[in-house]
Amino acid sequence: MAKETMQAISDAELKARDVVLHAKEEGERLTAEAVSQGAEALKAAVKEAKKKADVLCGVARADAEKTRAAVREQTLSQQKELRQSAGANSARVAEEIRKIVLGKA
């Protein structure tokens, strides 16, 4: 019976070692799979981020162009108003200068 017990213990130790080795291999496989999936997920996230960045840059460029056009239009309008105002006042200014130069009040 001692021999059978010793054999049973030896068999159990072998089975336990096999289970441990199998678990270690499975753990390594799962770790490698997780690393691979993580790398793929990271690549996909970077690709998506680049797409979104490109879209946002396009929108920003369009907004900047609209703002530039609006500011240009506003500037031209103000310049036109100032020229008209200067033209309208030039006769009055000339008359005032003539009065000062000729001494008429």
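The structure displayed is predicted, hence computed values, not measured ones.

**Observations concerning the overall build of the protein chain**
Counting secondary structure elements, the protein chain contains 1 helix and 0 strands. For a compact globule of 105 residues, the expected C-alpha radius of gyration is about 13 Å, and the protein chain comes in at 44 Å, more than 25% above that figure. Summarising its shape, the C-alpha atoms of the protein chain cover approximately 145 × 25 × 10 Å along the three principal directions. Residues counted as buried form 0% of the 105 residues belonging to the protein chain. Of the accessible surface of the protein chain, which amounts to about 9,600 Å², a share of 62% is contributed by carbon and sulfur atoms. Charged side chains of the protein chain number 20 positive and 17 negative; the gap between the two group centres comes to 17 Å.

**Considerations on the pattern of salt bridges**
The tally for this structure, following the rule as stated, stands at 5 salt bridges. Note that Arg-29 is salt-bridged to Glu-33, the shortest N-O span being 2.9 Å. Highlighted residues: Arg-29 and Glu-33, both in helix 1 (residues 2-102), separated by 4 residues, approximately one helical turn. On the basis of relative accessible area, Glu-33 is assigned to the partly exposed category, the value being 35%. Across the pair Glu-65 and Arg-68 runs a salt bridge whose closest N-O atoms are separated by 2.8 Å. Placement of the pair is Glu-65 and Arg-68 together in helix 1, with a separation of 3 residues, close to one helical turn. Accessibility expressed as a relative area gives 47% for Arg-68, which makes it partly exposed.

**Here's the deal with a nonpolar patch on the surface**
Judged by side-chain polarity, Val-93, Ile-97, Val-101 and Leu-102 come together as a nonpolar surface patch covering roughly 390 Å² of accessible area. Mapping Val-93 onto the fold places it in helix 1.

**Considerations on helix 1**
With 101 residues, helix 1 should cover 150 Å at 1.5 Å per step; its first-to-last C-alpha distance of 142 Å lies within 8% of that length. Where helix 1 bends most, at Ser-90, the angle is about 35°. Within two residues after helix 1, Gly-103 carries a phi angle of roughly 80°, on the positive side.

Criteria and cut-off values
Residues numbered from 1 in each chain as written. Predicted model: local features only at pLDDT ≥ 70, side-chain atom pairs only at ≥ 80, totals over all residues. Heavy atoms only, no water. Helix = DSSP H or I, 4+ residues; strand = E, 2+ residues; numbered from the N terminus. Rg over C-alpha atoms; globule rule 2.2 N^0.38 Å. Buried < 20%, exposed > 50% of the residue type's maximum accessible area, 1.4 Å probe, protein only. Areas by Shrake-Rupley, 256 points an atom, 1.4 Å probe, with all protein chains shown as cover. Lys, Arg positive; Asp, Glu negative; His and termini not counted. Charge placed at Lys NZ, Arg CZ, Asp CG, Glu CD. Salt bridge = Lys/Arg side-chain N within 4 Å of Asp/Glu carboxyl O. Patch = residues over 30% accessible without salt bridge, like charges linked within 9 Å, V, L, I, M, F, W, Y side chains within 5 Å. Expected span 1.5 Å × (residues − 1). Bend = angle between axes of the 7 residues up to and from the residue.

The values are spatial; any link to function lies outside them.
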